[in-house]
Amino acid sequence: MASVKLDASQPIGLFDSGIGGLTVARAIREKLPKERLIYFGDTAHLPYGDKSPDSIKYYAIRIAQFLLDNHCKMIVIACNTASALAFDTVKDFVGKRALVVNVIDPAVKKITDQPKFKRIGVIGTKGTIKSGIHAKKLAEANKSYEVHGLATPLLVPMIEEGFFNNKISRAVIDSYLSRPKLKKIDALILGCTHYPLIKKEIEAVYQGKVPLIDSADEVAEYVYQLLKKNNILNHSAKKPAHRFYVSDYTDAFEKNTNFFFNEKIKLEEARIWK
Ligand code: DGL
């Protein structure tokens, strides 16, 4: 494919199954306030955690096309499930038309940068954990990691219903994290874009003794380094006008954006499936 010249003024596109990926958008906005963001939440197909790899690949390609149509210089797959199951597919499809980033490599890098970490816990959706992607990537870097993945499917609906920092969320989190496989770990990867919202509760279970790897923060740093390397960091003084799309609009999603993005935002419907 012929090389396409990317320009600093082009926006960064992000997508997720819903609004959870806004935690990644928020971290990127904080790190790179001059970048314009185009966010797409595939609420018509939420949740991705229970879908087959073929379905996730199909959705991801169509959404990548939407972000390319919106002239994005970079596509951030702001969903662990889609990153686990469709990153290579999206990368092949996009080619040189944009840079493509997933949320798993930055978390893995954070682990491999710390020589003391050996026993790694990962929590995520059924799709992410079943893919074994973290163990595969860690094994590529160093064979001696012991990786313990646990699917925690109750956490996403719990958070979306606003159940966090309360008795119920504490009981659910405690019940998952007290499984023997997550007891003796050196670090825990929060392998889902919703989990930054319950980070404090997870920290409390481990009494602050187990470092938590929050992919949102790691991705923001990774995005910064990649844009810099490609010489396409936006230095414009103009305030960026972000856009936030969902594939199926309901008021409930818009109400919850506040928790994830730390600011009330306006969602627009992009009818790519209708
Ligand atoms: N945002 C997705 C992730 O990071 C989880 C939500 C879903 O199952 O769609 O894996």
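As the structure is a prediction and not an experimental result, all values here were calculated from the model.

Visitor: How would you explain the pattern of salt bridges if you had to name every residue and give the values?
Guide: Applying the stated criterion to the full structure yields 13 salt bridges. Between Lys110 and Glu218 there is a salt bridge whose closest N-O contact spans 4.0 Å. Of this pair, Lys110 sits in helix H4 (residues 105-112) while Glu218 sits in helix H10 (residues 215-229), and the two are 108 residues apart along the sequence. Bridged by salt links that share partners, the residues Asp248, Glu269, Arg271 and Lys274 form one connected network.

Visitor: Give me the lowdown on helix H8 (residues 167-177), citing residues and values where you can.
Guide: Three or more residues of H8 are buried, namely Ser169, Val172, Ile173, Tyr176 and Leu177. Looking straight down H8, one finds its buried side chains confined to an arc of 120 degrees; they lie on one side. In the core, the buried residues of H8 are packed alongside strand S5 (119-124), strand S6 (146-151), helix H7 (155-160), strand S7 (187-191) and helix H9 (199-205). With a side-chain oxygen positioned 3.1 Å from the backbone nitrogen of Ile168, the residue opening H8 is Asn166.

Visitor: For the side chain of Thr128, give the residues involved together with the corresponding values.
Guide: Here Thr128 shows up in helix H5 (residues 126-131). One polar contact links Thr128 to Thr81, side chain to side chain, over a distance of 3.3 Å. Ignoring anything within four residues of it in the chain, the contact list for Thr128 reads Asn80, Thr81, Ala84, Ile133, His134 and Gly191.

Visitor: Outline the sheet that holds S6, listing residues and values.
Guide: Where strands meet in a sheet, backbone hydrogen bonds hold them as pairs that are either parallel or antiparallel. Strand order in the open sheet made by the four strands is S6-S5-S7-S8, with parallel pairing throughout. Of all strands in the sheet, those bounded by a partner on one side alone are S6 and strand S8 (212-214). Here the strands of the sheet are splayed against their neighbours by 25 degrees on average, with no regard to which way each runs. Note: S7 against S8, three bridges, orientation parallel. Residue pairing in the sheet places Leu188 in a bridge with Leu212 of S8. H10 contacts S7 and S8 of the sheet and is inclined by roughly 50 degrees relative to S8.

Visitor: Can you break down the packing of helix H2 (residues 53-69) against helix H3 (residues 80-94) residue by residue, with the values?
Guide: At a minimum axis separation of 9 Å, H2 and H3 run at an interaxial angle of 45 degrees. Overall, the two elements H2 and H3 adopt an arrangement that is oblique. As H2 packs across H3, the resulting crossing turns out to be right-handed. Judged by residue contacts, Pro53, Ile56, Lys57, Ala60, Ile61, Ala64, Gln65 and Leu68 of H2 engage Ala82, Leu85, Ala86, Thr89, Val90, Phe93 and Val94 from H3. Its residues assigned to classes, the contact of H2 with H3 shows twelve nonpolar, two polar and one charged.

Visitor: Account for the side chain of Glu35, with residues named and values stated.
Guide: Along the chain, Glu35 turns up in the loop between helix H1 (22-31) and strand S2 (37-41). A relative accessible area of 2% places Glu35 in the buried class. Side-chain polar atoms of Glu35 contact the side chain of Lys73, separated by 2.7 Å. Separated by 2.7 Å, the side chain of Glu35 and the backbone nitrogen of Asn234 make a polar contact.

Visitor: Go over the pairing of strand S1 (residues 12-16) with me, naming the residues and quoting the values.
Guide: Within S1, five of the five residues are buried, leaving the element largely enclosed by the surrounding structure. Every second residue of S1 is oriented toward a common face, with Ile12, Leu14 and Asp16 on one face and Gly13 and Phe15 on the other, all of them buried. Relative to S2, S1 runs parallel, the two being bridged by five bridges. When the bridges of S2 are listed, Leu14 appears paired with Tyr39. Once the chain exits S1 it traverses H1 before rejoining the sheet at S2, and the crossover so formed is right-handed. Bridge analysis of S1 against strand S3 (residues 74-77) gives four bridges, and the strand direction is parallel. Its bridge partner being in S3, Ile12 is matched across the sheet by Met74.

Visitor: Requested: an account of the sheet that holds S3, with residues and values cited.
Guide: Ordered in space as S4-S3-S1-S2-S9-S10, the six strands form an open sheet in which the pairing is parallel. The outermost strands of the open sheet, each flanked by one partner alone, are strand S4 (99-102) and strand S10 (268-269). In this sheet, S10 lies alongside strand S9 (residues 243-246) in parallel orientation, the contact comprising two bridges. The residue bridging Tyr245 from the neighbouring strand is Glu268, located in S10. Across the sheet, H3 is in contact with S1, S3 and S4; its angle to S4 comes to roughly 175 degrees.

Thresholds applied
Residues numbered from 1 in each chain as written. Predicted model: local features only at pLDDT ≥ 70, side-chain atom pairs only at ≥ 80, totals over all residues. Heavy atoms only, no water. Salt bridge = Lys/Arg side-chain N within 4 Å of Asp/Glu carboxyl O. Helix = DSSP H or I, 4+ residues; strand = E, 2+ residues; numbered from the N terminus. Buried < 20%, exposed > 50% of the residue type's maximum accessible area, 1.4 Å probe, protein only. Arc of directions from axis to C-beta. Contact = heavy atoms within 4.5 Å. Polar contact = N/O pair within 3.5 Å; in protein donor to acceptor, adjacent residues only side chain to side chain. Pairing = 2+ DSSP bridges. Axes fitted to C-alpha atoms, helices over the stretch in contact; angles between N-to-C directions. Parallel < 35°, antiparallel > 145°, perpendicular 65-115°, else oblique. Left-handed = near helix turned anticlockwise from the far one by under 90°. Nonpolar A, V, L, I, M, F, W, Y, C, P; charged D, E, K, R; others polar. Right-handed = clockwise from strand over helix to strand, strands pointing away.

The analysis is restricted to geometry; functional conclusions fall outside its scope.
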